[in-house]
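Chains, contacts and geometry: an overview
Here are the chains, one letter per residue:
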Amino acid sequence: MHTRWFRRIALAGMVLVLPCGVAAQAPVPPESETARLETIEDLSESLANEVLDLSVAVRDRDLPRVGAYFADSIEAPPFPSAPGEARPQVKWISLHGWAPPSGAPPDPRPIPRREFLASFAAFLDHFSEIEDVRFKVRGATFDADARSVPGAKEPTAAPGASGSATIAFFVWGRDGQGRREWARGTADARVRKPESGPWQFTAFKVTKLDSQLSATDLFSEVAVPAGVGATLPPYGEPPNTGFTWHGAAAPDWNGDGWLDVFVTGPQRNWLY
């Protein structure tokens, strides 16, 4: 009970007044090893869930929503938005890198959110069509005083929680020439939970970014004319709001010597 009481005091942001008249934040009591592991798990899940919401905002090119995930000032170089020359990789697949905007300083520095988002928008403008986007947390560590909200229905970070994360991101779509393109990158980031709204990036440095291009479309969509098509709403719209059901298996279900296909869905599964 005492530990829980002290944690509530810390989460409430109690302020002590020192004799010299300077206000100081109440010290956050240490957690037990088990409690700390639970807190880190909650913080990690909270961050992972919210960067999935960021994925939907980026896919929809909704820059005002995207901006909610970045602090007013970000320690970052401009987002790489200049595509490099495509080099053949294997058969019909080529590869190109990305460079910072011409004349942009390559090293991280404090820049306004609008400046960072302008370079990110320039990257997205390269795509004539965006089919899907994913931001994923590859790893995260949190500062010792970072806390989650006790008793929350879903893992929720307490305001002021901060830490570092490695973020992977992917964009699938088509370039300006209509070729299929898959951009894939990683970034080192600092994150902080504000008083309201989602986690925000306070630092974001892309450490790797390249794109694979396909010179030709190898497959045609024939599911609908074959009578086995299924239409789902875009990710992020009910009921397609989860990310754990994706998958398929190819067993010989009925033992006739031919492979059958079992496909999972958010509300039902299909066996072909």
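Please refer to the structure placed before this passage.
Rules used throughout
- Residues numbered from 1 in each chain as written.
- Predicted model: local features only at pLDDT ≥ 70, side-chain atom pairs only at ≥ 80, totals over all residues.
- Heavy atoms only, no water.
- Helix = DSSP H or I, 4+ residues; strand = E, 2+ residues; numbered from the N terminus.
- Buried < 20%, exposed > 50% of the residue type's maximum accessible area, 1.4 Å probe, protein only.
- Contact = heavy atoms within 4.5 Å.
- Areas by Shrake-Rupley, 256 points an atom, 1.4 Å probe, with all protein chains shown as cover.
- Expected span 1.5 Å × (residues − 1).
- Salt bridge = Lys/Arg side-chain N within 4 Å of Asp/Glu carboxyl O.
- Phe/Tyr/Trp six-rings, centres within 6.5 Å; stacked < 30°, edge-to-face > 60°.

In terms of regular secondary structure, the chain is built from five helices and 14 strands. Classification of the 272 residues of the chain by burial places 35% in the buried group. Across the chain, contacts joining residues at least 24 apart in sequence account for 63% of those joining residues at least 6 apart. Carbon and sulfur atoms make up 56% of the accessible area of the chain, which totals about 16,000 Å².

An α-helical segment advances 3.6 residues per turn. Residues three or four places apart therefore align on the same side. For helix H2 (residues 33-59), built from 27 residues, the straight-helix expectation of 39 Å at 1.5 Å per residue is met to within 8% by its first-to-last C-alpha distance of 39 Å. At the exit of H2 stands arginine 61, carrying a positive phi of roughly 55 degrees.

Within the structure shown, the criterion is met by 12 salt bridges. Arginine 134 is the partner of aspartate 132 in a salt bridge, and the nearest nitrogen-oxygen pair spans 3.0 Å. A salt bridge links aspartate 175 to arginine 179, with the shortest nitrogen-to-oxygen separation between them at 2.8 Å. Judged by its relative accessible area of 3%, aspartate 175 falls in the buried class. Judged by its relative accessible area of 27%, arginine 179 is partly exposed. It is possible to trace a salt-bridge network through shared partners that takes in Arg59, Asp60, Asp62 and Arg65.

Another aspect to go through is the packing of aromatic side chains. Here the structure, examined in full by the defined rule, presents 17 aromatic pairs. With a centroid separation of 5.8 Å and 70 degrees between ring planes, the pair formed by phenylalanine 116 and phenylalanine 204 is classed as edge-to-face. One end of the pair, phenylalanine 116, is in helix H4 (residues 113-125); the other, phenylalanine 204, is in strand E11 (residues 200-214), with 88 residues separating them in the sequence. Using a relative accessible area of 1% as the deciding quantity, one classes phenylalanine 116 as buried. Phenylalanine 204 gets classed as buried once you look at its relative accessible area, which sits at 2%. Judged by centre distance (5.9 Å) and plane angle (45 degrees), the rings of phenylalanine 142 and tryptophan 199 are tilted. Taken together, the positions of phenylalanine 142 in strand E8 (residues 127-142) and tryptophan 199 in the loop between strand E10 (180-192) and E11 put the pair 57 residues apart, joining distant regions of the chain. The exposure classification of phenylalanine 142 matches that of tryptophan 199, with both residues buried.

Here the focus is unusual backbone geometry. Outside of glycine, negative phi angles account for most residues, and trans bonds account for most peptide bonds. Within the chain, arginine 61 stands out as a residue other than glycine whose phi angle is a positive 55 degrees. Position of arginine 61 among the secondary structure elements: in the loop between H2 and helix H3 (63-67). Note on arginine 61: relative accessible area 34%, which makes it partly exposed. Notably, lysine 91 is not glycine yet its phi reads approximately 50 degrees, a positive angle. Checked against the element boundaries, lysine 91 lands in the loop between strand E5 (87-90) and strand E6 (93-99).

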